[in-house]
Amino acid sequence: MAASASSTILFSSKSSRASLSWKNQLASTSAFGISGVSLRRRRSSHRQFVVFSMDAKPTVLVAEKLGEAGLNLLKEFANVDCSYNLSPEELCTKISLCDALIVRSGTKVSREIFESSGGRLKVVGRAGVGIDNVDLAAATEHGCLVVNAPTANTVAAAEHGIALLTAMARNIAQADASVKAGKWLRNKYVGVSLVGKTLAVMGFGKVGSEVARRAKGLGMNVIAHDPYAPADRARAIGVELVSFDEALASADFISLHMPLTPATKKVLNDETFAKMKKGVRIVNVARGGVIDEEALVRALDAGIVAQAALDVFTVEPPPQDSKLIQHENVTATPHLGASTMEAQEGVAIEVAEAVVGALKGELSATAVNAPMVPAEVLSELKPYVVLAEKLGRLAVQLVAGGSGVKSVKVTYGSARAPDDLDTRLLRAMITKGLIEPISSVFINLVNADFTAKQRGLRIAEERILLDGSPESPVEFVQVQIANVESKFASAISDSGEIRVEGRVKDGVPHLTKVGSFEVDVSLEGSIILCSQVDQPGMIGKVGSVLGEENVNVSFMSVGRIAPRKQAVMAIGVDEQPSKESLKRIGEIPAIQEFVYLKL
């Protein structure tokens, strides 16, 4: 094997910079799904866009109320049709005449709408952060870019979080209702002071950090949990970053600012409520689904949670007979986080700029779905794309809870010359695996580097030139995370980083190295990693525990230093084992540590 000089790439793109202009009634190109854009290969494997001139104005349908400043911006470039309160049938009828659609949270942009557009719809703009009401898969399949407005309502949401915090602490809503009912119950509505109390901010992004700033001004001690929060930014605000469990155990008040993802769904539940101080108070201006609402009612009734102030709910609007809404210790508002005049105008401008830019062919950093890639490139890279994302997901799950991920190195082994291997898509998918499970941002080729940089995540790439045939684009991909602690010590390499490495075998991604241990397990389903003393019968003992629970083992591989010495066993499983089964595996005498990794 011959190694070439490595190259480090920090948040760069290999694509040439080009401005794309929109042209009406031109056939869409499969490359990016944008009308009037064609793609051709250059010798260096970069892409070059052919630019067309504009000969007519595009049409933008605004389906929900948008601030005047945003409408004015749209009207400078496009014909704007403001048609509010359309039924799904009316929207499907009208959409075939539109090049762009702007919605808020009330309009569901379904697959049927994309199909009804007949390929004319180029961009959907969501005036706000969440895109739960847009079918992203259908948008991408139909070559439609989806953009949102993720920053304009930050201050408004933070202010509402603080408003709920103070209102809850002093029983403002309950006391107001009591006075208006002709009562004067001063003793009943004695509140609690905020000064000197500990606030745990769960999710230290834009809104969470702004809440922390304001809470510090109220004299509170602020801690935060967020695996990606830059420690220097937290220190500058005077906030200590802690683990999830430490945040729960230490907090007098908890303010939620995390996105709703599979990893955060019902993250506050019976088990996590049990870890909190008795009498804790909870504020949620993030997403309703991060709280198990039935568990919250039980915690309120038991006195574990003294009060809750909620702006968001699993179902909106919630049922009128909801036990949570009717609970006397709950303060509720109807999703008002972004509802200030200033925020509404800011969101309108941000989404209008993104939509106009997309219609011009500019690839916005606020894009939330990936543009379509040329079929021949996607076909070749497809299994490596899957490998890249899964390696990212594996690596980040090996990081201990309190560690902040800041420096990631990706190494590609390939027999191809650098100009014949465009790694942008692979790097984007590794970034997706690292960030997306705990972020509201959808990572793709467009926004991967921007999102990583925004979170203080430094991603470097190294290419190793291998001897051999260049038929396969990549021989192996290696991901290393530096300067972090690991929940599985054996994943730490000799040089001190968390390291995972993988290859594609017969079209299927495989994990081939963990730390310094060679393994071979298919990246399908999920994986259990066990560090153990190498001795006979270990595979049978672990397999028996899983078999008793009817958990199917798809692959099993053992990597060891030497016979009867240290070894790592990697087990691929089709189903998630119960906590009891995992505990039993950990209690096997020769097993020193283990970790369950969900793919």
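Preceding this section is the structure that the text describes.
This section reports on the structure supplied with the text. What you see is a predicted model; the values in this text were computed from it and never measured.

## Overview of the sheet that holds strand β13 (residues 305-310)
- A sheet is described by the order of its strands in space; here 7 strands give the open sequence β10-β9-β8-β11-β12-β13-β14, paired in parallel fashion. One side of each edge strand has no neighbouring strand; the edge strands of this open sheet are β10 (240-241) and β14 (330-332).
- In terms of strand pairing, strand β8 (residues 198-202) meets strand β9 (residues 221-225) through 5 bridges, oriented parallel. Paired with Leu199 across the two strands is Val222, which belongs to β9.

## Side note on the environment of Phe488
- Within the fold, Phe488 resides in the loop between β17 (476-482) and β18 (498-505).
- Take Phe488: its relative accessible area is 0%, and that puts it in the buried class.
- The residues touching Phe488, leaving out its near neighbours within four places in the chain, are Leu398, Val514, Leu529, Cys530, Ser531, Val568, Glu593, Phe594 and Val595.

## Observations regarding the pairing of β18
- Within β18, 6 of the 8 residues are buried, which leaves it mostly tucked inside the rest of the structure.
- Two elements, β17 and β18, share 5 bridges in a ladder whose sense is antiparallel. Note on β18: the bridge partner recorded for Val479 is Val500.
- Of the strand pairs in this sheet, β18 and strand β19 (residues 508-514) are connected by 6 bridges, and their pairing is antiparallel. Each residue of the ladder has a partner; that of Arg503, found in β19, is His510.
- Counting the residues between successive antiparallel strands, the hairpin from β18 to β19 contains 2 residues, one of them, Asp506, with a positive phi of roughly 55°.

## Things to note about the pattern of salt bridges
- Here the structure, examined in full by the defined rule, presents 19 salt bridges.
- Among the ionic pairs, Lys579 bridges to Glu271, the shortest N-O distance being 2.4 Å. Note that Lys579 is positioned in helix α18 (residues 579-586) and Glu271 in helix α10 (residues 270-273), a separation of 308 residues in sequence.
- Asp520 is the partner of Lys505 in a salt bridge, and the nearest nitrogen-oxygen pair spans 2.8 Å.

## What to know about helix α7 (residues 206-217)
- Between its terminal C-alpha atoms α7 stretches 17 Å, which fits the 16 Å expected from 12 residues at 1.5 Å a residue.
- Within α7, burial applies to Gly208, Ser209, Glu210, Val211, Ala212 and Ala215.
- In this fold, the buried residues of α7 make contact with α5 (154-169), β8, β9, α8 (231-237) and β11 (253-256).
- Downstream of α7 by one or two residues, Gly219 has phi in the positive range, about 85°.

About the cut-offs
Residues numbered from 1 in each chain as written. Predicted model: local features only at pLDDT ≥ 70, side-chain atom pairs only at ≥ 80, totals over all residues. Heavy atoms only, no water. Pairing = 2+ DSSP bridges. Helix = DSSP H or I, 4+ residues; strand = E, 2+ residues; numbered from the N terminus. Buried < 20%, exposed > 50% of the residue type's maximum accessible area, 1.4 Å probe, protein only. Contact = heavy atoms within 4.5 Å. Salt bridge = Lys/Arg side-chain N within 4 Å of Asp/Glu carboxyl O. Expected span 1.5 Å × (residues − 1).

Take it as geometry only, folks, not as evidence of what the structure does.
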